[in-house]
Amino acid sequence: MIEHHPSTSCSTEQAMALENSVFPSRPDSLSLPVGEKGEGEEVEVATEAHTGVFNVSEELGHVVTTETTPSPPVLAKVNRSFQSKLAEREANANQRRKKTPGTEKERGRFGWARTRRKRQRYVEKNGRCNVQHGNMRETYRYLTDIFTTLVDLNWRCSLFVFVMAYAVTWLFFGAIWYLIAYCRGDLDHLEDKTWTPCVNNVNGFISAFLFSIETETTIGYGHRVITDQCPVGTMLLLLQAILGSMVNAFMVGCMFVKISQPNKRAETLVFSKHAVISLRDDKLCLMFRVGDLRSSHIVGANMRAKLIKSKQTQEGEFIPLDQTDISVGFETGDDRLFLVSPLVISHEIDARSAFWDMSQAQLEKEDFEIVVILEGMVEATGMTCQARSSYLAEEVLWGHRFSPMMSLAEGFFDVDYGAFHHTFEVDTPSCSARELSLAAARLDAHLYWSISSRLDEEPTLANQAAKQSDSGSANSKAGEPTFIVGEMTDIQEQSGLGELNGSVATDQSESEA
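Keep in mind that this is a model prediction, so the values were computed, not measured.

## Some thoughts on the confidence of the model for the protein
For the protein, per-residue confidence averages 75 on the pLDDT scale, and residues scoring 70 or more make up 64% of the total. Contacts of residues 14-79 to residues separated by more than four positions or lying in other chains number 99 contacts, the stretch itself having pLDDT below 50. Contacts of residues 474-513 to residues separated by more than four positions or lying in other chains number 33 contacts, the stretch itself having pLDDT below 50.

Next comes the structure, spelled out in structure tokens:
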């Protein structure tokens, strides 16, 4: 990049030539620093010869110039510094970006478009917990519960362990049978009819291996048989039979538990793609929908919800992924579901809710995750099943409501799962639940004070009645009749006599009586 430092020794023509050699040859944005460039951005450049706008676009591959009114002569601007020209072009480019519609993305330090970083999910939509444990030094604890460890393995590892468990035991005992035959000399007397071997027809390692398989699996073809002249073989036969039964029980039990795990049952328990916030009984509520696709029901279904959000305490301690309970009807028993048809789970946003101070504008800026958990017992197997899902802040729709999906058919209720994820907009205040509650309280207070103001008028009427009685007593001295505006007494109030503004009575003064 060429820097132009104005000098008094340079002539006007040289300055103009240098300026023309620098600025027309820069198709990139002059508002960016040297060596850094934003791709695909539209830039404006105003030349000194005339005030025009250059729209540089990599896609179009050409420059469009918009002519405006002529500027003052070039000679008056030659002495301007290069930094001031860059500042002017940067100001024009920033003004152009503000006028361009659809560019509402957050911009970085140099004006580049920067998208909001998507939050990393704590629990995936399919229920998988996105957590990996590392630097675990006490790995021996997994061996203390070897059964659960084998059950938790994936299918590839489980099948590998299953095959290797049998293959290793067969090879191990086959090698021992071959070693017994070799030590007793049975392999040296294969053609001797008078020799009694430990196991008949064992003439090598392969035959010993086959005899081990027949013994452990209790096949017993009858060609290879142990004789009574080998007490060591008898003890080994008993040991292999016992260990073989243990291996069968252990491995078959692992495979049975793994096959009958209720994890796949959770695949037919579905949650809505979005959660919604709208009014229900004049109160803001957070709602989501859950349903069961199978005709066999979940017994004792129970719903829970957690808010996952990092926070900092008053003492300065930072708690990452802090878990806060979201009430979905635990106090009233609404969290226990009869999940025969899809249900809408509702969380009332009250003073104890974590969303008490959250408005629609604040919801768009928040960074949190709502984890929903459905637990119950599978009716077919009696095993406990758990289904999980989560909602990020951008997956919570403000001012929406779920579409109805149940209709009454001839003799039964028809559920249309095509509308399971559908929502529609409804009129919902954009303020928080706290502000909505304060507005309702102010309305109640206005009604209360309007009634109280009417009741406060009674002392004023009593004062007027007293003044009229004084004027009546003064007029009574002149022998004139007196009209007294009486005050409503308790007896009149109970009997219904009199009105709010008092009653009028005609009387004569005691002096005349």
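## Concerning the state of the cysteines
If you walk through the whole model with that rule in mind, you get 1 disulfide. One disulfide in the model links C198 with C230; its S-S distance is 2.2 Å. Note on the C198 and C230 pair: the S-S dihedral is about -75°, so by sign convention the disulfide is left-handed. Pair noted here: C198 is in the loop between helix 5 (155-184) and helix 6 (205-216) and C230 is in the loop between helix 6 and helix 7 (231-259), with a separation of 32 residues, a long-range link. In this structure, C198 and C230 share a single accessibility class: buried.

## What about the pairing of strand 6 (residues 275-279)?
With 4 of its 5 residues buried, strand 6 lies for the most part within the structure. Two elements, strand 6 and strand 14 (residues 396-398), share 3 bridges in a ladder whose sense is parallel. The residue bridging A275 from the neighbouring strand is V396, located in strand 14. Here strand 6 runs beside strand 7 (residues 284-292); their pairing, made up of 4 bridges, is antiparallel. Residue pairing for strand 7: L279 is matched across the bridge by L284. Hairpin remark: strand 6 followed by strand 7, antiparallel, with 4 residues in the connecting loop; positive phi at D281, about 60°.

## Quick look at the packing of helix 5 against helix 6
A pair of packed helices can be characterised by two numbers: the angle between their axes and the separation between those axes. With their axes 8 Å apart at the nearest point, helix 5 and helix 6 run at an angle of 125° to one another. Between helix 5 and helix 6, the interaxial angle falls into the category oblique. In the packing of helix 5 onto helix 6, the handedness of the crossing is right-handed. For the pair helix 5 and helix 6, contact is made by Y166, T169, W170, L171, F173, G174, A175, W177 and Y178 and by F205, A208, F209, F211, S212, I213 and E216, respectively. For the contact of helix 5 with helix 6, the class distribution of residues is 12 nonpolar, 3 polar and 1 charged.

## Remarks on the nonpolar core
Within the largest apolar cluster, 36 residues are counted, with the highest numbers of intra-cluster contacts made by F271, M303, F355, I370 and L374. When contributions to this core are tallied by element, the ones reaching two or more residues are strand 5 (269-271), strand 6, strand 7, strand 8 (298-312), strand 12 (369-378), strand 13 (384-392) and strand 14. If near-sequence neighbours (up to four positions away) are discounted, L374 is found in contact with L269, F271, V290, A301, N302, M303, L337, L339, C385, Q386 and A387. Grouped together as the second largest cluster of nonpolar side chains are 11 residues, C198, F211, C230 and L236 included.

## As for the pattern of salt bridges
This structure, assessed with the given rule, holds 13 salt bridges. In this structure, the salt-bridge partner of E214 is R224, at a minimum N-O distance of 3.5 Å. In this pair, E214 is assigned in helix 6 and R224 in the loop between helix 6 and helix 7, connecting sequence segments 10 residues apart. In this structure, R265 engages D292 in a salt bridge whose closest nitrogen and oxygen atoms are separated by 3.0 Å. In this pair, R265 is assigned in the loop between helix 7 and strand 5 and D292 in strand 7, connecting sequence segments 27 residues apart. According to the relative accessible area criterion, R265 is buried, its value standing at 9%. Among the charged side chains, a network of salt bridges with common partners joins R121, K125 and E395.

## Thoughts on helix 7
End to end, helix 7 covers 42 Å across 29 residues, agreeing with the expected 42 Å (1.5 Å per residue, within 8%). Three or more residues of helix 7 are buried, namely G233, L236, Q240, G244, V247, M251, C254, M255 and K258. Contacts made by the buried residues of helix 7 are with helix 4 (146-152), helix 5 and helix 6.

## Concerning unusual backbone geometry
Within the chain, D281 stands out as a residue other than glycine whose phi angle is a positive 60°. Take D281: it is sitting in the loop between strand 6 and strand 7. Of the residues examined, D281 reaches a relative accessible area of 70% and is grouped as exposed. Even without being glycine, D282 reaches a positive phi, approximately 65°. Mapped onto the elements of the fold, D282 is located in the loop between strand 6 and strand 7.

## As for the side chain of H347
With respect to the helices and strands, the residue H347 is situated in strand 11 (residues 343-348). Looking at H347, the relative accessible area reads 5%, which means it is buried. What H347 contacts, discounting residues up to four positions off in sequence, is L284, C285, L286, I326, S327, V328, S353 and F355.

## As for helix 5
Compared with an ideal rise of 1.5 Å per residue, which puts 30 residues at 44 Å, helix 5 spans 44 Å between its outermost C-alpha atoms and is within 8% of the ideal. Residues of helix 5 that are buried include every one of S158, Y166, T169, F173, G174, W177, I180 and A181, and no others. Directly after helix 5, the chain includes G185, whose backbone phi takes a positive value near 85°.

## Let's talk about the packing of helix 5 against helix 7
For the pair helix 5 and helix 7, the least separation of the axes is 11 Å and the interaxial angle reads 175°. Comparing the axis directions of helix 5 and helix 7 gives the class roughly antiparallel. Partitioning the contact of helix 5 with helix 7 into residue classes produces 20 nonpolar, 5 polar and 1 charged.

Cut-offs and rules
- Per chain, residues are indexed from 1 in the order of the written sequence.
- Under the rules for a predicted model, residues below a pLDDT of 70 receive no local features and side-chain atom pairs below 80 are neither given nor counted, while totals for whole chains, interfaces and linings still include all residues.
- Side-chain descriptors were evaluated using all non-hydrogen atoms of the structure, hydrogens and water having been removed beforehand.
- Note: pLDDT gives the predictor's confidence per residue, expressed from 0 to 100.
- Two residues form a contact once any of their heavy atoms are found within 4.5 Å.
- In this description, a disulfide is simply a cysteine sulfur pair whose atoms lie within 2.5 Å.
- Note on conventions: DSSP H or I runs of at least 4 residues are helices, E runs of at least 2 residues are strands, and numbering of each starts at the N terminus.
- Buried, partly exposed and exposed residues are distinguished by accessible area as a fraction of the type maximum, computed with a 1.4 Å probe on protein chains only: under 20%, between the cut-offs, and over 50%, respectively.
- The rule for pairing is simple: two strands pair if DSSP sees at least two bridges between them.
- The axes used here are C-alpha line fits, helices contributing only the stretch in contact, and every angle between their N-to-C directions lies in the interval 0 to 180 degrees.
- An angle below 35 degrees is treated as roughly parallel, one above 145 as roughly antiparallel, one from 65 to 115 as roughly perpendicular, and anything else as oblique.
- Here a crossing is taken to be left-handed if its near helix is turned anticlockwise relative to the far helix by less than a right angle, and right-handed if that turn runs clockwise.
- Ten residues, namely Ala, Val, Leu, Ile, Met, Phe, Trp, Tyr, Cys and Pro, are considered nonpolar, four, namely Asp, Glu, Lys and Arg, are considered charged, and the remaining ones, Gly among them, are considered polar.
- To form a nonpolar core, buried Ala, Val, Leu, Ile, Met, Phe, Trp, Tyr and Cys residues must be joined to one another through side-chain atoms within 4.5 Å.
- One side-chain nitrogen of Lys or Arg within 4 Å of one carboxyl oxygen of Asp or Glu is enough to make a salt bridge.
- Any helix carries an expected span of 1.5 Å times its number of residues minus one.

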